[in-house]
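# Examination of the molecular architecture
Here's the letter readout for the chains.
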Amino acid sequence: MSQKRRASHSGVLSSSSNTSSKKTRKTISLGTKLDVLRHFDAGERAVDIGITLGLTPTTVRTIRSNADKIRASARCVTPLSATKISRSRSSLMENMERLLSVWIEDQNQRNIHLSMPVIQVKAKSLYDKLKRDQGEGSQTEMFMASRGWFDRFKRRFHLHNMKMSGEVASADTAAAKNFPEYLKKIIEEGGYSPKQVFNVNETSLYWKMMPERTYISRDKKTAPGFKAVKDRLTLLLGGNAAGDMKMKPLTVYQFETPRALKGFSKEDLPVIWRSNKKAWITGAIFSEWLTLYAVPAWKEYCANENLDFKILLLIADVPAHPINLDDLCENVKVVFLPPNTTSLIQPMDQGAIAAFKAYYLRRTFDQLIRGTDGEGKPTIRQFWRDYNILKCINNIGESWAEVTQACMNGVWWKLWPECVNDLKGFKDIVPAMKKDILSLAKKAGFDKVEEADVTQLLQSHGEELTNEDLMQLDMMRAMEDEGPEVKEEPTHQNLTAKRLSEAFQMIEAGLQILSDDDPDRERSSKVIRGVGHLMTCYKEIYQEEKRKAKQPSLDMFFRVVTVKEEQLVKRVLNNKQFLVSDGATTLSKVLKQKLLSSKTVMSPKSCSDKVPTMQMV
């Protein structure tokens, strides 16, 4: 049995209604329609107008197509009748509540306690921000975030189980101090080795963020005021205490098939891809990951290591981890960390996740520098427009691969110090990455970037979403949803013999340069041997592709028979005088003559003088 978590959990729990409510049609007021037309007259795009007024781009375009009728109607109605036309709530209010619900969900996933006054303050802050951005047209609207509004807001967004509390829960140092001894008893009783004890943990990644000072000095004309979208995805990262098995990252994004992934097979990505609107790992997603991915991977790993298939999984006590995980596999024992101890003792939080994010930042920073440095290269703004989720996924895979076994083993030093082999250099990984990033920045001319900027960015992945962040995310979602959905079949990439041959030639040419020009013969020889060894797998694929190309197919000897030929053969076979026995040639000769005399193009590609024995019925 797993260690059961405490019954109560902080945060806001969302519940869905048991009965489906009938969707009502929203009536758009004449004033809102006129606002849409005014925004069009100012040269704004449909998607931007929709975001501002809380309308879909399709609705905005429909209003534009009926502009003449709307303006004629506005000239005819009185202010009183215009007031009566409106049936919908304020678009400003709807936008605010939509952003507020995202913020509440974000706080809930972080296990942060909320109270009615805290939510009211956030709602008023969001409302005022949206009101300022919309300009003079919305200045007459008032919002006080009253208790009545709060109750209605809870009903509209199904927040009936909202748990009220006071402040954010602080780390439980006493529980963190006692837990290692409790865990040690479980390990000893179960006979688990460091290879059989695993820890995984969720973490947010704002995959399109860089130090703000990178937008200074090099790109002054286009960069001022530019800020990369704080677009978030959630990762599940983990591995065993021995450090020799890292789990394939589970990635949850808010879109199932973003534009950058259309046409790609998600099974071939370097991550396990899942999606939901909040980009959070839910209990259902975690349970699916455990049964469909983790358990088979652990079973194979134990078989390769000649170990008994038994796993001890250590996870945090959060809503995304169901309490019945023990029931999903009899070979996996689940132990929950005490509440509010993740930052103190959970292994992945003691350096592995930080190292991964440092590697990710260094990799994306290096790509930005190489992609914008030099004459004729794109600006930083253009680079970030082209930096899509597919490139992010590839960088996630490469960055996770860079996290070393020593790091994955060293992060257990607080919880299980007996299994840690060597702590030397383990705590220097992130500082070393910061120095590398700063060095890259200086070489590229980003003189304003300082170590504090890099530190702030690495820590920002756990920060609360600001009003600006919420509005940026909302804009990005609207832009992603705009346009018709195109159904595309996944493109399964394949290495052909021709493409492999081209790759071999280019690699050989590069190695030849090293061999000819490197004065250190020992170094070049070592590199050439190493590359040759690494290329073995591709050479095997090449040989297999060549073998398939040479293997003859039955299609080489036969062609499709026409209806006329088929009828001719049936008539010949039905004639009893052509009964044949083994070695007979009569049927073969007759068929040959008949088919040739028919002047049809469909005849066997090769004919034999004899046919095998045929038994007529």
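Here the structure is shown first, and the text comes after it.
Residue numbers here run from 1 along each chain, matching the order of that chain's written sequence. It should be noted that, the model being predicted, local features are given only for residues of pLDDT at least 70 and side-chain atom pairs only at 80 or more, the latter also being counted only at that level, while totals for whole chains, interfaces and linings use all residues. Note that the side-chain values use all heavy atoms of the structure and ignore hydrogens as well as water.

## Observations regarding the packing of aromatic side chains
The test is simple: Whether two aromatic rings pair depends on their centres lying within 6.5 Å, for rings of Phe, Tyr and Trp, where Trp uses its six-membered ring; planes under 30 degrees apart make the pair stacked, over 60 edge-to-face, and the rest tilted. Note on conventions: DSSP H or I runs of at least 4 residues are helices, E runs of at least 2 residues are strands, and numbering of each starts at the N terminus. Relative accessible area decides the class of each residue, using a 1.4 Å probe on protein chains only: under 20% of the type maximum gives buried, over 50% gives exposed, and in between gives partly exposed.
A full pass over the atoms with the stated rule returns 18 aromatic pairs. Ring geometry for Phe356 and Trp400: centres 6.2 Å apart, planes at 80 degrees, overall edge-to-face. Of this pair, Phe356 sits in helix α12 (residues 352-372) while Trp400 sits in helix α14 (residues 389-402); the two residues are 44 residues apart in sequence, bridging distant segments of the chain. Trp400 matches Phe356 in its accessibility class, with the two residues each being buried. Centroid distance Phe383 to Tyr387: 6.2 Å. Interplanar angle 20 degrees. Geometry classified as stacked. Each member of the pair, Phe383 as well as Tyr387, is classed as buried.

## Concerning the sheet that holds strand β4 (residues 272-275)
We count it as follows: Pairing between two strands requires that DSSP report at least two bridges joining them. Here an axis means a line fitted to C-alpha atoms, over the contact stretch when the element is a helix, while the angle between two N-to-C directions is reported on a 0 to 180 degree scale. Pairs of residues are marked as contacts when any of their non-hydrogen atoms sit within 4.5 Å.
Spatially, β4-β3-β2-β1-β5-β6 is the arrangement adopted by the 6 strands of the open sheet, whose pairing is mixed. The sheet is open, and its two borders are formed by β4 and β6 (332-336), each paired with just one other strand. Direction aside, the axes of adjacent strands within the sheet are offset by 25 degrees on average. Its contacts with the sheet put α14 on β1 (197-206), β2 (232-240), β3 (250-253) and β4, and the angle it makes with β2 is roughly 20 degrees.

## A short note on the pairing of β6
When you tally the buried positions in β6, you get 4 out of 5 residues, the bulk of the element. Where strand β5 (residues 311-315) and β6 come together, 5 bridges link them in parallel fashion. In the sheet register, Ile311 faces β6, and the bridge partner there is Val332.

## Concerning the packing of helix α1 (residues 30-41) against helix α2 (residues 46-53)
Applied cut-off: By the definition adopted for this analysis, an angle is roughly parallel if under 35 degrees, roughly antiparallel if over 145, roughly perpendicular if from 65 to 115, and oblique otherwise. Each crossing gets its handedness from the near helix: less than a right angle anticlockwise from the far helix is left-handed, clockwise is right-handed. Put simply, Ala, Val, Leu, Ile, Met, Phe, Trp, Tyr, Cys and Pro go in the nonpolar bin, Asp, Glu, Lys and Arg in the charged bin, and everything else, Gly too, in the polar bin.
The contact between α1 and α2 brings their axes to 10 Å, and the two run at 140 degrees. As judged from the angle between their axes, α1 and α2 are oblique. Here α1 and α2 pass one another in a crossing that is right-handed. Here Thr32, Asp35, Val36, His39 and Phe40 of α1 lie close against α2, whose contacting residues are Ala46, Ile49, Thr52 and Leu53. Of the residues assigned to the contact of α1 with α2, the class counts are 5 nonpolar, 3 polar and 1 charged.

## Observations regarding the packing of α1 against helix α3 (residues 57-65)
With their axes 10 Å apart at the nearest point, α1 and α3 run at an angle of 85 degrees to one another. Of the possible angle classes, the one that applies to α1 and α3 is roughly perpendicular. Mapping the contact onto sequence places Lys33, Val36, Leu37 and Phe40 in α1 and Val60, Ile63 and Arg64 in α3. Split into classes, the residues belonging to the contact of α1 with α3 amount to 5 nonpolar, no polar and 2 charged.

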